[in-house]
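Architecture and fold: a report
Each chain, letter by letter, is given below.
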Amino acid sequence: MRVVALEGRGELGEWRDAARRLLLAGVPPEAVEWRQEADASADLFDRERGDPEKQVPLEHASPALTVPRLFLDLAATAICHADPVRFGVLYRVLHRLQRDRDLLGNATDGDVAALHGLAKSVRRDSHKMTAFVRFKEVGACEDAGRRRFVAWFEPDHYIVARVAPFFHRRFFDMDWMIATPRGIAAWNGKLLEVSSTPGQKTALSDDTEELWRTYFSSIFNPARLKVKAMQAEMPKKYWKNLPEASLIPGMIAGAEASVVAMGERMARDPPAFHARIEAAAKVREEGPPVPWTLEELRAEASRCTRCPLHCSATQTVFGEGPAGAPIMIVGEQPGDLEDLAGRPFVGPAGKLFDAVAHEAGLDRRSLYVTNAVKHFKYEMRGKRRLHQRPDAGEVEHCRWWLDLELALVKPRLVVAMGATALFALTGERPKIADVRGTIRRSEHGPAVFVTVHPSFLLRIPDAARREVEMVHFKRDLAAVAAFGAPGS
Amino acid sequence: MKKSLKERLAILSDAAKYDASCASSGTVKRSSADTGGLGSTEGSGICHAYAPDGRCISLLKILLTNFCIYDCAYCINRSSSNVERARFTAEEVVWLTMEFYRRNYIEGLFLSSGIIRSSDYTMEEMVRIARALRVDHNFSGYIHLKSIPEASPLLVEQAGIYADRLSINIELPTDAGLAAYAPEKRPAHIRRSMGELRLKIDEANDATLQTKRRKRFVPAGQSTQMIVGADQANDRVVLATSARLYGSYGLRRVYYSAFSPIPDASRKLPLIKPPMMREHRLYQADWLYRFYGFDIDEITANQPDGMLDLKLDPKLSWALVNRHFFPLDVNSASREALLRVPGLGTKAVRAILSARRLRRLRLEDLARLHISVKKVRSFLSTEGWTPHKLIDRSDLRSMFEPKPEQLDLF
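Residues numbered from 1 in each chain as written. Chains lettered and ligands numbered in written order. Predicted model: local features only at pLDDT ≥ 70, side-chain atom pairs only at ≥ 80, totals over all residues.

This part takes up the overall build of chain A. Within chain A, the secondary structure is distributed over 18 helices and 14 strands. Expressed as a percentage of its 488 residues, the buried residues of chain A come to 36%. Long-range pairs, those at least 24 residues apart, make up 69% of the contacts in chain A with a sequence separation of at least 6. (Helix = DSSP H or I, 4+ residues; strand = E, 2+ residues; numbered from the N terminus. Buried ≥ 20, exposed ≤ 12 C-beta atoms within 10 Å, placed from the backbone. Contact = placed C-beta atoms within 7 Å.)

With that out of the way, let us pick up the overall build of chain B. The helix and strand inventory of chain B stands at 17 helices and 10 strands. In terms of its C-alpha atoms, chain B occupies a principal-axis envelope of roughly 75 × 60 × 40 Å. Burial status across chain B gives 50% buried among its 410 residues.

The next point concerns the sheet that holds strand β9 (residues 368-371) of chain A. Residues and elements named next belong to chain A. Taken in spatial order, the 5 strands make up an open sheet running β9-β8-β12-β14-β13, and their pairing is mixed. The open sheet has two free edges, formed respectively by β9 and β13 (439-441), since each of these has just one partner strand. Strand-to-strand twist of the sheet, defined as the mean angle between neighbouring strand axes without regard to direction, takes the value 30 degrees. By the bridge criterion, 5 bridges tie strand β12 (residues 413-417) to strand β14 (residues 447-451) in an arrangement that is parallel. When the sheet's bridge partners are listed, Val415 is paired in β14 with Phe449. (Pairing = 2+ DSSP bridges. Axes fitted to C-alpha atoms, helices over the stretch in contact; angles between N-to-C directions.)

So, on to the interface of chain A and chain B. Counting residues at the interface gives 71 residues for chain A, matched by 69 residues for chain B. Counting residues per element, the ones that place at least two in the side of chain A that touches chain B are α5 (110-132), α6 (160-170), α7 (208-218), α8 (227-233), α9 (248-264), α10 (272-284), α12 (336-341) and β11 (384-387) of chain A. Considering every element that reaches the side of chain A that touches chain B, the biggest residue donor is α7(A), with 8 residues. In terms of residue class, the side of chain A that touches chain B is made up of 37 nonpolar, 18 polar and 16 charged. (Nonpolar A, V, L, I, M, F, W, Y, C, P; charged D, E, K, R; others polar.)

Attention now goes to the sheet that holds strand β5 (residues 142-146) of chain B. All names here are of chain B. Here 6 strands make up an open sheet; going across it, the order is β3-β4-β5-β6-β7-β8 and the pairing parallel. Each having just a single partner strand, β3 (59-63) and β8 (253-258) make up the two edges of the open sheet. The sheet shows a mean angle of 20 degrees between the axes of neighbouring strands, taken without regard to direction. Bridge count between strand β6 (residues 165-167) and strand β7 (residues 222-228): 2 bridges; the pairing is parallel. Residue pairing across strands places Ser167 opposite Ser223, the latter belonging to β7.

We now examine the domain arrangement of chain B. Assigned domains of chain B: these are domain 1 (5-224) and domain 2 (314-400). Placing a centre on the C-alpha atoms of domain 1 of chain B and another on those of domain 2 of chain B gives a separation of 42 Å. (Domains from an automatic or database assignment.)

All names here are of chain B. Examined against the element boundaries, Gly306 turns out to sit in the loop between α10 (296-300) and α11 (314-321). Considered as a pair, Gly306 and Ala233 are 73 residues apart in the sequence and their alpha carbons are 9.3 Å apart. Those residues in contact with Gly306 that lie beyond four places of it in its chain are Asn234, Asp235, Arg236, Val237 and Thr300.

Further remarks concern the packing of helix α3 (residues 69-78) of chain A against α5(A). Residues and elements named next belong to chain A. In contact at an axis separation of 8 Å, α3 and α5 are set at 55 degrees when each is read in the N-to-C sense. It follows that α3 is oblique to α5 by the angle criterion. Taken as a pair, α3 and α5 cross one another with a handedness that is left-handed. Residue-level inspection shows Leu74, Thr77 and Ala78 of α3 in contact with α5, the latter providing Leu115, Leu118, Ala119, Val122 and Arg123. Among the residues making up the contact of α3 with α5, the classes are represented as 6 nonpolar, 1 polar and 1 charged. (Parallel < 35°, antiparallel > 145°, perpendicular 65-115°, else oblique. Left-handed = near helix turned anticlockwise from the far one by under 90°.)

Below, the structure is given as structure tokens:
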């Protein structure tokens, strides 16, 4: 049996050197006894470390030993553990890795599970150190003018060197020192020093702690007492170095009484300023005037609750364009992007419409564009919103706005894009293919020109057919442009 | 007499505690070693303390002021409430944040406010604080700002430059509920504000052609909170609203807050114990939807009253009514299917997929992967184990229900 004694203060190098030598010498894991320096009664045994004869210069003598990257990461973590078994577990895994390269992927293996267990507990301890170190101020350093802070922390494992870079990233503009029984880390603005020498606890007071304790007890909701959940994440072993922890027993004991007191207190009359605020609000809320301009109509429509669609849509997407526009374009309803942006025809179908309209000689800015229904109707499919066609009732409710838009814009020609728009404008439901490119007249109101909705073009899977339909659509819009041209 | 800083801190943190969110995760990595100032963000958040209510304390969560011109029935700060009022100056908020941060008490600031004078005035004050922290004090810690309803989009955009996360609370699951309890808040405005923010975040994330770099804008995204148990909405309605919010606005989180009695409560609301178990079940359902491939309708489909089962977690109660789906063979079932097994989390499923490439798994192997064999064995077959008799048992449900507590003699 070989006995290997290591200092074991969280440094991977010494274990790695020893393990390499053992592995090269073909020593099986059962034949090694690993010890931590402090508890090794060294003289009785053949000591591996410090024995010059056994220190073969590795670079020359060794054939290349390789391990998966993951093992090195795990080893660097697990070596920080305080339990001396870590050396043996690591060596067993290393030894087996030479034959079985995939060993680490098998989490059901006892050695691998043990290694992961060690690493996990080191990671948890490191995380708790980042959370529970509490700095106290010790007064500025005379020469540099930097503020100075110190902390005392008691980790379970040798993690100071591992966690020090976190504090370096976080507290750059101040001097600090964290002392622990397992090492010290300090930063002075130029150098991050880490040593494994045990530190000393110093008694200090810091006035800001009183504010922190005030915050800790005020942010607590006594109606939701869950002591176990707290202790699972903030175990009692950390409490002695947390300035807020001494408040906990009192907070728990008083919780029930304070909830009861809350319940027994009768609701009282509101304070005086409440009446003043309400009175002021009433003045602001003068009833809406009958809408006379497009802007007033838009403001009115933004509060529309005529049908239930407003509950799931983001906002009313009202028409856009100049009053007095000669041509009004009516689509079906806003889509996903229109709903978010609050503007009609800004999504993929809108972009397609803009492009084709431009080619056909129509200027979007001179058009009034709107939709038959002003709220987006959709259903959730997984995490996406899928367009749903509005039903007759919804179109009916929304016709109130469309009629007012028609009355205020007074276009000479209205373009119905798709079946929903045509139905909203004329009450007819013919097949679009049968009536496209023709003019339908409603009893009152202007002429209605029928074409397809651009989203129909986007949905055609076959490229050749889409091309044909695009040409057709462009021809329709060109006819509209001719109608709108001055003098026509 | 003016209240001391300590007195005001007590009032304004007490007033802030009904906001459930305290997350400091999901933002970009920053380091004071790069800026020369103070603060860093590490990607994942850190909980610096836990209060006896089991909640993590990660951020300094305070209100700028608890004066408010709104009168929302569920809120401790509503204008008709008799709570003590107080206000911080912008400088005081900055000072508290920096000093708490230096002592490693917090990850950063979560600032909210009652509405004073107007929405824009209030929002401007909050933006001023965030700017002071970032620009004047070179602070790289986490900042979460609560958007004020109806604040101008320009101010929200400025807030997004300095803040890691912005949130605006939807408050209640239905528009009708909001109309009844928060007469001044308009649901359409809240949704519009979320929509605008989503578009701006998307825009910032689109790498521009020239630089190929993303602009930094609200890197931890937006979130919201819904109060559960104040109005009559059932879980199906709550979850459908969440799904719409996730789908429409790309929210990172919807927080559920069990309605908790508040001091000086409005007469409109009953004083009840907060429905904590219901809140817990909603979070579980929310997780099933976001990480386990469940459709939102599936989760409540078999609950006649639209409420989640309080005795069993939602995945287990789904499995008990969908027994035809089981047992699954742990050695061949797909990832999607395994995610539906009660007792298997995302990590466990990953471990199974990785381990089964090397060998056929037995029940004992599952135990080594830290999986509760007792829970999963009714739903899984493994090498050497088939649960056919178990899955058909009529008392399967009772095997999972919490044991009734024996009553004491009186």
